[in-house]
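Per-entry structural report
Listed here are the chains, written in short residue letters.
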Amino acid sequence: MAKLGVIGVGAMGGAIVRGLIASGQLPAADILAFNRTRERMHSLEDEFSLPVAPDAATVAKQVKYLLLGVKPYMIAPLLDDLGDALAAKPVVISVAAGKPIATIEAHLPEQTPVVRVMPNVNAQINQSMSGIAANQYVSEEALAEVRAMFDAIGKTALVPEDHFAAFAALAGCSPAWIYRLIDALAQAGVAHGFKKEEATRIVAQAVAGSAQNVLENLPQGLNPQALVDQVCSPAGTTVAGLLAMEDAGFSAAARAAVNAAVARDQELSAS
């Protein structure tokens, strides 16, 4: 029996598999995968000699943990099709946005352990921030093992499921918003004479360093605003730019983005 089965090895499923193997968390031999489109499997097969199943049911029958890496709209049909293949009740791990645990449970045998995980796109470089919630049938040992899997591709946090919509906005959606911020600052740099690639590299490193500075200072009680105050000299360039950003609605726009993402997640969860 393989330890982890993965159904769906697209961008997220593939990133998780690569992270687990590259980190040494799981050897390729302990992972059994299936993808409806076989072409997506080729690189994983060639790179890691990853065992590949002939169909999804074979995966479900032969694993301790079953990771569903398919699109959210495919979750219910997939679980319904698996039917008796889930009789052994593997720990089902879902990374589907907008699909609550109760929705997944409705398509599984009673008392199946289910873990809901919200990773983000930075799993591709083992820098994800993943939120984790579980139903009452998941043992402490199983929850610890699932958390270790996702720690292999970044950092994790145990999150009450009723906070998942907000977590999805803060960690799942925010990379796209930060990419847009990086690109906007780089565009301004181009207007002042830099080449786009050079400006993007400068800004991206500044953002990466700033994020690390926040993480390292949080245990000492320094929040981001305290760090802002450290950088802003009286009547200086930084505070001039900061005031211009606020006049343009920067903080309000950030809050609006989170609120819109939470509202959309709640709509998806209700559908």
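Read on for an overview of the structure.

About the criteria used
Residues numbered from 1 in each chain as written. Predicted model: local features only at pLDDT ≥ 70, side-chain atom pairs only at ≥ 80, totals over all residues. Heavy atoms only, no water. Buried < 20%, exposed > 50% of the residue type's maximum accessible area, 1.4 Å probe, protein only. Helix = DSSP H or I, 4+ residues; strand = E, 2+ residues; numbered from the N terminus. Pairing = 2+ DSSP bridges. Right-handed = clockwise from strand over helix to strand, strands pointing away. Axes fitted to C-alpha atoms, helices over the stretch in contact; angles between N-to-C directions. Contact = heavy atoms within 4.5 Å.

What follows deals with the pairing of strand β6 (residues 128-134). In regular strands, side chains alternate between the two faces of the sheet. Within β6, five of the seven residues are buried, leaving the element largely enclosed by the surrounding structure. Relative to β6, strand β5 (residues 114-118) runs antiparallel, the two sharing four bridges. In the sheet register, Arg116 faces β6, and the bridge partner there is Ala133. Two strands pair when backbone bridges link them, and β6 and strand β7 (residues 154-158) are joined in this way by five bridges, in the parallel orientation. Its bridge partner being in β7, Ser130 is matched across the sheet by Thr156. One crossover worth recording links β6 to the parallel β7 by way of helix α6 (residues 140-151), and it is right-handed.

Strand order in the open sheet formed by seven strands is β2-β1-β3-β4-β5-β6-β7, and the pairing between neighbours is mixed. One side of each edge strand has no neighbouring strand; the edge strands of this open sheet are β2 (31-34) and β7. The mean angle between the axes of side-by-side strands here comes to 25°, regardless of whether they run parallel or antiparallel. One ladder, built from four bridges, connects strand β1 (residues 2-7) with β2; its direction is parallel. Note that in β2 the partner of Val6 across the bridge is Ala33. Lying on the sheet, helix α4 (residues 75-82) is in contact with β1, β3 (63-68) and β4 (91-94); it crosses β3 at an angle near 150°.

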